[in-house]
Amino acid sequence: MRKVFQADLQQIGEDLIEMSQRVANAMERAWDSLSNADVDLAQEVIAEDAKIDFLQTQLDERAIDTLALQGPVASDLRMIVGSLRMSASLERMGDLARHLAQLSRLRFPKHAVPAAIAETFSQMAELDIKIAREVGRLLDTRDLGIASEIITLNRQLDQLHSSVFKTIAHEDWKEDAPTTVDVSLTSRYLERFGDHGVSVARKVTYLVTGEWEPEA
């Protein structure tokens with residue numbers, strides 16, 4: 001029974017890593033679809049999100065079965081409960097990438113993001129992709145230095161997010177209302193993606209140290 005239990009724990013960990021890889025790819029492809037008005041790529045991202053959802057369901061069912069059948073305690077219990085919460089964050093990251101792809105599809109053949117602010121969004125997307133890749137490394141290694149790096153990347157992301165709202169609030173902003181809404185939503189999706197990456201990083205930190213550090 002102990003061998004089965006350890007195998008289940010290992011599979012849960014592997015599923016989390018696979019989810020992180022898929023959400024990183026989803027964000028990379030979603031941004032490509034949005035920046036290039038590529039509706040075919042957008043549709044692929046939207047369709048692929050179902051696989052992330054399936055992985056979450058599979059992971060959660062395995063975790064719940066393990067809780068029910070094995071009665072884990074101490075660190076093993078923290079790991080399983082933490083995995084349930086991390087899978088929810090990763091699934092949400094996939095949803096946010098899908099939202100970007102849906103916005104790209106909605107505005108096709110036009111670009112949802114005006115050229116004047118495209119570079120800021122490109123930087124935000126690059127940070128999001130780095131965060132997701134680092135989340136995968138963190139889940140694999142439990143290296144808390146990576147967790148700190150994720151938090152640093154997210155602070156840069158927050159600064160860019162704030163700059164977007166300063167830009168659209170400035171008197172020089174001349175775009176119409178639909179474009180302004182698209183810009184606001186795009187910035188919010190990119191910013192929240194990073195927040196969920198930080199959420200995973202904090203949970204891994206808790207699993208390693210046993211101490212919960214509330215977000216400031």
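A brief structural summary. Computed from a prediction, not measured in an experiment: that's the story for all the values here. (Residues numbered from 1 in each chain as written. Predicted model: local features only at pLDDT ≥ 70, side-chain atom pairs only at ≥ 80, totals over all residues. Heavy atoms only, no water.)

Next up on the list: the overall build of the protein. In terms of regular secondary structure, the protein is built from six helices and zero strands. N-terminal to C-terminal, the α/β element order of the protein is α-α-α-α-α-α. With the principal axes as the frame, the protein shows a C-alpha extent of 65 × 35 × 20 Å. With 216 residues in all, the protein has 50% of them scored as buried. Considering only contacts within the protein whose residues lie at least 6 apart along the sequence, 82% involve residues at least 24 apart. Total accessible area on the protein is roughly 10,800 Å²; 50% of this is exposed by carbon and sulfur atoms. Of the charged side chains in the protein, 24 are positive and 36 negative; the average position of the first set lies 3 Å away from that of the second. (Helix = DSSP H or I, 4+ residues; strand = E, 2+ residues; numbered from the N terminus. Buried < 20%, exposed > 50% of the residue type's maximum accessible area, 1.4 Å probe, protein only. Contact = heavy atoms within 4.5 Å. Areas by Shrake-Rupley, 256 points an atom, 1.4 Å probe, with all protein chains shown as cover. Lys, Arg positive; Asp, Glu negative; His and termini not counted. Charge placed at Lys NZ, Arg CZ, Asp CG, Glu CD.)

Attention now moves to the packing of aromatic side chains. For any two aromatic rings, the description comes down to two numbers: the centre-to-centre distance and the angle of the planes. Taken as a whole, this structure holds zero aromatic pairs when the rule is applied. The cationic tip of R78 hangs over the ring face of Y206; the distance from NZ or CZ to the ring centre is 5.7 Å. (Phe/Tyr/Trp six-rings, centres within 6.5 Å; stacked < 30°, edge-to-face > 60°. Lys NZ or Arg CZ within 6 Å of the ring centre and 35° of its normal.)

So, on to the pattern of salt bridges. Considering all chains together, one arrives at 13 salt bridges under this definition. Across the pair R22 and E48 runs a salt bridge whose closest N-O atoms are separated by 3.7 Å. With a gap of 26 residues between them, R22 in helix α1 (residues 2-36) and E48 in helix α2 (residues 39-70) connect regions that are remote in the sequence. Its relative accessible area of 28% is what places R22 among the partly exposed residues. Three or more residues joined by partner-sharing salt bridges are found here, namely E18, R22, E48 and K51. (Salt bridge = Lys/Arg side-chain N within 4 Å of Asp/Glu carboxyl O.)

On to the packing of helix α4 (residues 115-141) against helix α6 (residues 177-209). For any two helices packed against each other, the geometry comes down to the angle between their axes and how far apart the axes lie. Relative to each other, α4 and α6 sit at 20°, their axes nearing to 10 Å. Considered as vectors, α4 and α6 are oriented roughly parallel to each other. Here α4 and α6 pass one another in a crossing that is left-handed. Residues I117, F121, M124, A125, D128, I131, A132, V135, L138 and L139 of α4 touch α6, and the partners they reach there are V183, T186, S187, L190, E191, F193, G194, G197, V200, A201 and V204. Counted by class, the contact of α4 with α6 contains 15 nonpolar, four polar and two charged residues. (Axes fitted to C-alpha atoms, helices over the stretch in contact; angles between N-to-C directions. Parallel < 35°, antiparallel > 145°, perpendicular 65-115°, else oblique. Left-handed = near helix turned anticlockwise from the far one by under 90°. Nonpolar A, V, L, I, M, F, W, Y, C, P; charged D, E, K, R; others polar.)

Grouped together as the largest cluster of nonpolar side chains are 62 residues, with contacts concentrated most on L90, F121, L139 and I150. Mapped by element, the contributors of at least two residues to this core are α1, α2, α3 (74-107), α4, α5 (144-169) and α6. Here this core takes 13 residues from α1, the largest share from any one element. Other than its neighbours up to four places away in sequence, I150 contacts I131, E134, V135, L138, G197, V198 and A201. (Core = buried A, V, L, I, M, F, W, Y, C linked by side-chain atoms within 4.5 Å.)

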